[in-house]
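# Topology and contacts: notes
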Amino acid sequence: QVQLVESGGGLVQAGDSLRLSCAASGGTFRLYTMGWFRQAPGKEREFVAAIKWSGGITYYADSVKGRFTISRDNAKNTVYLQMNSLKPEDTAVYYCAAVPFGTWPPTNYNYWGQGTQVTVSS
């Protein structure tokens, strides 16, 4: 059983930056692919970014390429999402997720956090 806790969300203006964090416990963190998803009001959850256990292989949704960066610190059991040049359309609840490595990019994540709200005003 893996537990994930997101933090770092908040209310910002368009063009600002935020860094989300996700602390993991209950498993061998370095053996999991980690991902970030988001869900805007009235929409289904969508994929944002993923990072392999190695930390050097990443994958991004087209909507965030060049603006968001996913990274991980295996020593701290933490994955990050650095969000720059935020836009109002980035407003959503952001969730981190984990899945044992073996499929890339993964589509069926096993564990999910509770989410953190990001609101971007224009």
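Look a little higher up for the structure.
Everything numeric here is computed off the predicted structure, so don't read it as measured data.

Calculation criteria
- Residues numbered from 1 in each chain as written.
- Predicted model: local features only at pLDDT ≥ 70, side-chain atom pairs only at ≥ 80, totals over all residues.
- Heavy atoms only, no water.
- 1 Å grid on protein atoms, 1.4 Å probe; cavity = no way out; pocket = protein on both sides within 12 Å on 5 of 7 lines; lining within 4 Å.
- Points joined across faces, edges and corners; volume = space filled by probe spheres on them.
- Helix = DSSP H or I, 4+ residues; strand = E, 2+ residues; numbered from the N terminus.
- Nonpolar A, V, L, I, M, F, W, Y, C, P; charged D, E, K, R; others polar.
- Core = buried A, V, L, I, M, F, W, Y, C linked by side-chain atoms within 4.5 Å.
- Buried < 20%, exposed > 50% of the residue type's maximum accessible area, 1.4 Å probe, protein only.
- Contact = heavy atoms within 4.5 Å.
- Polar contact = N/O pair within 3.5 Å; in protein donor to acceptor, adjacent residues only side chain to side chain.
- Pairing = 2+ DSSP bridges.
- Patch = residues over 30% accessible without salt bridge, like charges linked within 9 Å, V, L, I, M, F, W, Y side chains within 5 Å.
- Areas by Shrake-Rupley, 256 points an atom, 1.4 Å probe, with all protein chains shown as cover.
- Salt bridge = Lys/Arg side-chain N within 4 Å of Asp/Glu carboxyl O.

## As for empty space enclosed by the protein
Enumeration over the complete set of coordinates arrives at one cavity of 30 Å³ or more. If you trace the largest cavity, you find it lined by Val2, Leu4, Ala24, Ser25, Gly27, Thr28, Phe29, Tyr32, Met34 and Ala98. Secondary structure elements with two or more residues in the lining of the largest cavity: strand E3 (18-25) and strand E4 (32-39). Counted by class, the lining of the largest cavity contains seven nonpolar, three polar and no charged residues.

## Here we look at the nonpolar core
Counting 29 residues, the largest nonpolar core has Met34, Trp36, Leu81, Met83 and Tyr94 as its most contacted members. For this core, the elements supplying multiple residues, two or more each, are E3, E4, strand E5 (46-51), strand E7 (68-73), strand E8 (78-83), strand E9 (92-100) and strand E11 (116-121). Ignoring anything within four residues of it in the chain, the contact list for Met34 reads Leu4, Cys22, Phe29, Ala49, Ala50, Ile51, Ile70, Arg72, Val79, Ala97, Ala98 and Tyr109.

## So, the side chain of Arg38
Relative to the elements of secondary structure, Arg38 occurs in strand E4. You can call Arg38 buried: its relative accessible area is 5%. Engagement of the side chain of Arg38 in a polar contact is seen with the side chain of Glu46, the distance being 2.8 Å. A distance of 3.5 Å separates a polar atom in the side chain of Arg38 from a polar atom in the side chain of Ser63. Here Arg38 is in contact with Glu44, Arg45, Glu46, Val48, Ser63, Val64, Phe68, Glu89, Asp90, Ala92, Val93 and Tyr94, once residues within four sequence places are set aside.

## Some words on the pairing of strand E1 (residues 3-7)
The alternating pattern of E1 places Leu4 and Glu6 on a buried face and Gln3, Val5 and Ser7 on a face that is not buried. Two elements, E1 and E3, share five bridges in a ladder whose sense is antiparallel. Looking at the pairing, Gln3 lines up with Ser25 of E3.

## With respect to a nonpolar patch on the surface
Taken together, the side chains of Leu31, Trp53 and Phe101 define a hydrophobic patch exposed on the protein surface, amounting to about 280 Å² of accessible area. A relative accessible area of 36% places Trp53 in the partly exposed class.

## Some points on the pairing of E11
Residues Thr116, Val118 and Val120 point to one face of E11 and are all buried, whereas Gln117, Thr119 and Ser121, pointing to the other face, are not buried. Relative to E11, strand E2 (residues 10-13) is paired through four bridges, and the arrangement is parallel. Across the sheet, residue Gly10 finds its bridge partner in E11, namely Val118. Summarising the sheet, E9 and E11 pair through three bridges and their orientation is antiparallel. Paired with Ala92 across the two strands is Val118, which belongs to E11.

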